[in-house]
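Report on the structure
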Amino acid sequence: MKTIYLVRHASADGQPVDSPLTEQGRKQALALVDFFKQKEIDIIYSSPFKRALDTIKPLSDSRGIQVNQDSRLGERVLSTVNFEDWRDKLRQSFEDFDLVFEGGESHSAAMERAKSLLEDLLCSKEDHILLVSHGNMTTLLMRSFNESFGYDCLMEMTNPDVFELVVSDEKTLLNRIWDDRI
């Protein structure tokens, strides 16, 4: 049996790779230390984006666990074009997984990244794994186990957000466990 915690990064100041956390986001990152206090963690993987790394740094420091950066956890880029109607475009991408906008990545391609990572994790020796990613990618990771996760679930997520995925031979359980404390 494996337990995988999926953490969406804390509140950030923008979408670029180097966007820092906001003041509120830094408080949220500290709140994750207390939130995970009673939970076992063997290994931590994070998106290489600054906002994801900064979200998990207080927890990794408090536990003395190194953060393993994995590009497969990086956010799915919708497009390099700034769309005013980006939410409509994002919804369209959840309806057509092969849809690609200029400079972007399709959901199908991002799902392949997610599946590749999950396959590696499920074969690993660690039983308690924490992953830090972004809203769209976290949604796709969850969708790998439950196809009902899609656009609406993404829009309901908070920054941060935490989901617990328990995988055994018999079944897979997926639950949101973050309680919006900050």
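Labelled according to an unreviewed UniProt entry, the protein chain appears under the name Histidine phosphatase family protein, originating from Mesobacillus subterraneus.

A word on the overall build of the protein chain
Regarding its fold elements, the protein chain presents six helices and six strands. Tracing the protein chain from N to C terminus, the helices and strands come up as β-α-β-α-β-α-α-β-α-α-β-β. Whereas a compact globule of 182 residues would reach a radius of gyration of roughly 16 Å, the protein chain reaches 16 Å, a difference of no more than 12%. Projected onto its principal axes, the C-alpha positions of the protein chain cover 40 × 40 × 25 Å. Relative to its full complement of 182 residues, the protein chain shows a buried share of 49%.

Describing the pairing of strand β5 (residues 161-167)
A large share of β5 lies buried, amounting to six of its seven residues. The pairing of β5 with strand β6 (residues 172-176) spans five bridges and is classified as antiparallel. The partner of F163 across the bridge, within β6, is R176.

Considerations on the pattern of salt bridges
For the structure shown, the criterion picks out 10 salt bridges. The residue K2 makes a salt bridge to D127 at a minimum N-O spacing of 3.8 Å. Of this pair, K2 sits in strand β1 (residues 2-8) while D127 sits in the loop between α4 (107-122) and β4 (128-133), placing them 125 residues apart in sequence. The buried category is assigned to K2, whose relative accessible area is 7%. Beyond isolated ion pairs, a larger network of salt bridges with shared partners links D70, R72 and D120.

Here's the deal with the packing of aromatic side chains
Evaluation of the coordinates by the stated rule reveals six aromatic pairs. A centroid spacing of 5.3 Å and a plane angle of 80° characterise the contact between Y5 and F36, whose relative ring orientation is edge-to-face. Placement of Y5 in strand β1 and of F36 in the loop between α1 (23-35) and β2 (43-46) is noted, with a sequence separation of 31 residues between them. With respect to burial, Y5 and F36 carry one shared label: buried. On the basis of an interplanar angle of 85° and a centroid distance of 5.2 Å, the ring pair of F35 and F36 is categorised as edge-to-face. In this structure F35 comes out as buried when scored by relative accessible area, which is 11%. Residue F36 is classed as buried on the basis of its relative accessible area of 0%.

Definitions and limits used
Residues numbered from 1 in each chain as written. Predicted model: local features only at pLDDT ≥ 70, side-chain atom pairs only at ≥ 80, totals over all residues. Heavy atoms only, no water. Helix = DSSP H or I, 4+ residues; strand = E, 2+ residues; numbered from the N terminus. Rg over C-alpha atoms; globule rule 2.2 N^0.38 Å. Buried < 20%, exposed > 50% of the residue type's maximum accessible area, 1.4 Å probe, protein only. Pairing = 2+ DSSP bridges. Salt bridge = Lys/Arg side-chain N within 4 Å of Asp/Glu carboxyl O. Phe/Tyr/Trp six-rings, centres within 6.5 Å; stacked < 30°, edge-to-face > 60°.

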